[in-house]
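Below are the chains, spelled out letter by letter.
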Amino acid sequence: MEPTFTAVFSDLGKELSSIPMAAIIPRMMAAVLIGALLSLRPWRLMMGRALPKAEMVHAQVLLCTAAAVITAVIGDSVAKAFGLVGLGGFVRFRSGLKDPRDAAILFLMIGLGMACGHGSLGLAGMGTLFVAGLLMVLDLVSKEEKAPKQRMMVSAQSDDLVNAEASLRQALGSRNVMVKSCALDFDGRRLEMEVEEKDPGALVAALSQTQGSTLRGLRWAALSPKGTREEQV
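Residues numbered from 1 in each chain as written. Predicted model: local features only at pLDDT ≥ 70, side-chain atom pairs only at ≥ 80, totals over all residues. Heavy atoms only, no water.

## Some words on the UniProt feature "transmembrane region" (unreviewed entry) in the chain
Condition: UniProt positions are given in the numbering used here, feature names are shortened, and annotations may be inferred rather than shown by experiment. Think of it this way: any DSSP run of H or I at least four residues long counts as a helix, any run of E at least two long counts as a strand, and we number them from the N terminus.
When the UniProt feature table is mapped onto this chain numbering, "transmembrane region" (unreviewed entry) sits at residues 20–40, 61–85 and 105–138. In residues 105–138, the share of helix is 94% and the share of strand is 0%. The end C-alpha atoms are 12 Å apart.

## Observations regarding the environment of Leu51
Defined as follows: For every residue, the accessible area obtained with a 1.4 Å probe (protein chains only) is divided by the maximum for its type, and the residue is called buried under 20%, exposed over 50%, and partly exposed between those limits. Residues count as neighbours in contact if any of their non-hydrogen atoms are within 4.5 Å of one another.
For Leu51, the location among the structural elements is in the loop between helix H3 (43–47) and helix H4 (54–74). For Leu51, a relative accessible area of 39% gives the class partly exposed. C-alpha separation for the pair Leu51 and Ser39, spaced twelve residues apart in sequence, amounts to 9.0 Å. Once residues within four sequence positions are removed from consideration, Leu51 is found in contact with Leu40, Arg41, Arg44 and Leu45.

## Notes on helix H8 (residues 161–174)
For the record, the criterion: Between the first and last residue of a helix there are one fewer steps than residues, each counted as 1.5 Å, and that sum is the expected span. Here, the arc refers to the directions that run from the helix axis to the C-beta atoms.
The end-to-end C-alpha distance of H8, which contains 14 residues, comes to 20 Å, matching closely the 20 Å that a straight helix rising 1.5 Å per residue would cover. For H8, the set of buried residues is Leu161, Ala164, Glu165, Leu168, Ala171 and Leu172. One side of H8 carries all its buried residues, which in axial view fall inside an arc of 130°. Exposed residues on H8 whose side chains face more than 90 degrees from its buried face are Val162 and Gln170. Directly after H8, the chain includes Asn176, whose backbone phi takes a positive value near 60°.

## Brief notes about the nonpolar core
Put simply, the rule is: Put simply, a nonpolar core is a bunch of buried Ala, Val, Leu, Ile, Met, Phe, Trp, Tyr and Cys residues held in one set by side-chain atoms that sit within 4.5 Å of each other.
Within the largest apolar cluster, 18 residues are counted, with the highest numbers of intra-cluster contacts made by Ile34, Leu38 and Cys116. Within the residue set of this core, elements represented by two or more residues are helix H2 (21–40), H4, helix H6 (100–118) and helix H7 (121–141). Beyond its immediate sequence surroundings of up to four residues, Cys116 is in contact with Arg27, Ala30, Ala31, Ile34, Ala68, Leu121 and Ala124. Grouped together as the second largest cluster of nonpolar side chains are 17 residues, Ala156, Leu161, Leu203 and Ala222 included.

## A word on the packing of H6 against H7
Applicable threshold: Helix axes are fitted only over the stretch in contact, all axes being lines through C-alpha atoms; the angle between N-to-C directions runs from 0 to 180 degrees. Roughly parallel covers angles under 35 degrees, roughly antiparallel covers those over 145, roughly perpendicular covers 65 to 115, and oblique covers all other angles. Each crossing gets its hand from how the near helix is turned against the far one by less than a right angle, where anticlockwise is left-handed and clockwise is right-handed. Each residue gets one of three labels, nonpolar for Ala, Val, Leu, Ile, Met, Phe, Trp, Tyr, Cys and Pro, charged for Asp, Glu, Lys and Arg, and polar for the others, Gly among them.
It is the contact of H6 with H7, at a shortest axis distance of 8 Å, that shows an interaxial angle of 160°. The angle between the axes of H6 and H7 places the two elements in the roughly antiparallel class. When you trace H6 past H7, the crossing you get is left-handed. In this structure, H6 uses Ile105, Leu108, Leu112, Ala115 and Cys116 to contact H7, whose residues at the interface are Leu121, Ala124, Gly127, Thr128, Val131 and Leu135. In the contact of H6 with H7, the residues fall into nine nonpolar, two polar and no charged.

## A look at the packing of H4 against H6
Where H4 meets H6, the closest approach of the two axes is 7 Å, and the angle between their N-to-C directions is 35°. The two elements H4 and H6 meet at a crossing, and its hand is right-handed. Contact residues: Met56, Gln60, Leu63, Cys64, Ala67, Ala68, Thr71 and Ala72 in H4; Asp102, Ile105, Leu106, Met109, Ile110, Leu112, Gly113, Met114, Cys116, Gly117 and His118 in H6. Of the residues assigned to the contact of H4 with H6, the class counts are 13 nonpolar, five polar and one charged.

## Comments concerning unusual backbone geometry
The phi dihedral of Arg41 falls on the positive side, at around 50°, and the residue is not glycine. As for its placement among the helices and strands, Arg41 is situated in the loop between H2 and H3. Of note, Arg189 is a non-glycine position whose phi angle comes to about 50°, a positive value. With respect to the secondary-structure elements, Arg189 resides in the loop between strand S2 (178–185) and strand S3 (190–197).

## Here's the deal with the pattern of salt bridges
We count it as follows: The term salt bridge refers to a pairing of a side-chain nitrogen on Lys or Arg with a carboxyl oxygen on Asp or Glu at a separation within 4 Å.
Throughout the structure, instances matching the rule amount to six salt bridges. Where Asp139 meets Arg41, a salt bridge forms, and the shortest distance between an N and an O atom there is 3.3 Å. Of this pair, Asp139 sits in helix H7 while Arg41 sits in the loop between H2 and H3, and the two are 98 residues apart along the sequence. Neither Asp139 nor Arg41 differs from the other in exposure class; each is buried. The partner of Glu192 in a salt bridge is Arg190, with the nearest N and O atoms 3.7 Å apart. Arg190 gets classed as partly exposed once you look at its relative accessible area, which sits at 27%. One connected set of salt bridges, linked through shared partners, spans Arg41, Arg44 and Asp139.

Have a look at this one:
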């Protein structure tokens, strides 16, 4: 067994000494930086838009780096190229891409990563600037989808409906929750307010500020587009 381990470590030492580390490390670092720049899209912060999802950013950075590593491993060996293609056939991706633009960006990441792994850092840099400019233009011309506002029905009971309505309106206004309509039932000592808000958390935070007031049995329910209640909390 000792001669076998000796031979293994001897071959490993020869292989490490033959690898141009001074050339490989900058290629890998360039692939990581390019993947991070194009996946994060920092110009979106100046546009007031949200950054891409973290899982997509991680996937694009890893894919760009993987393309650089694979290209560096293949080098000029045709046999290695066919071997890696065969091994790639065993890989199965279970998660599909909902947006076809994400698939196109992944292909661009592979191309830029391969340029880094080949050592064509000038070509990779020019390609990165071109792709970044293209993505910036697409972000400028595309419209960001806004989450639709949800209609809610808030109901409560109180012995003093006038003061209860005022305190409830004040609490909702502090969270910028829009009040669409209000109905007071003096006989049943009950009030109902129809509000509109895209973030249910803002409504919950506003209602939590009414603690200690004259309101009793405070409840809210989501309304369907037809005006019927879907659920009650």
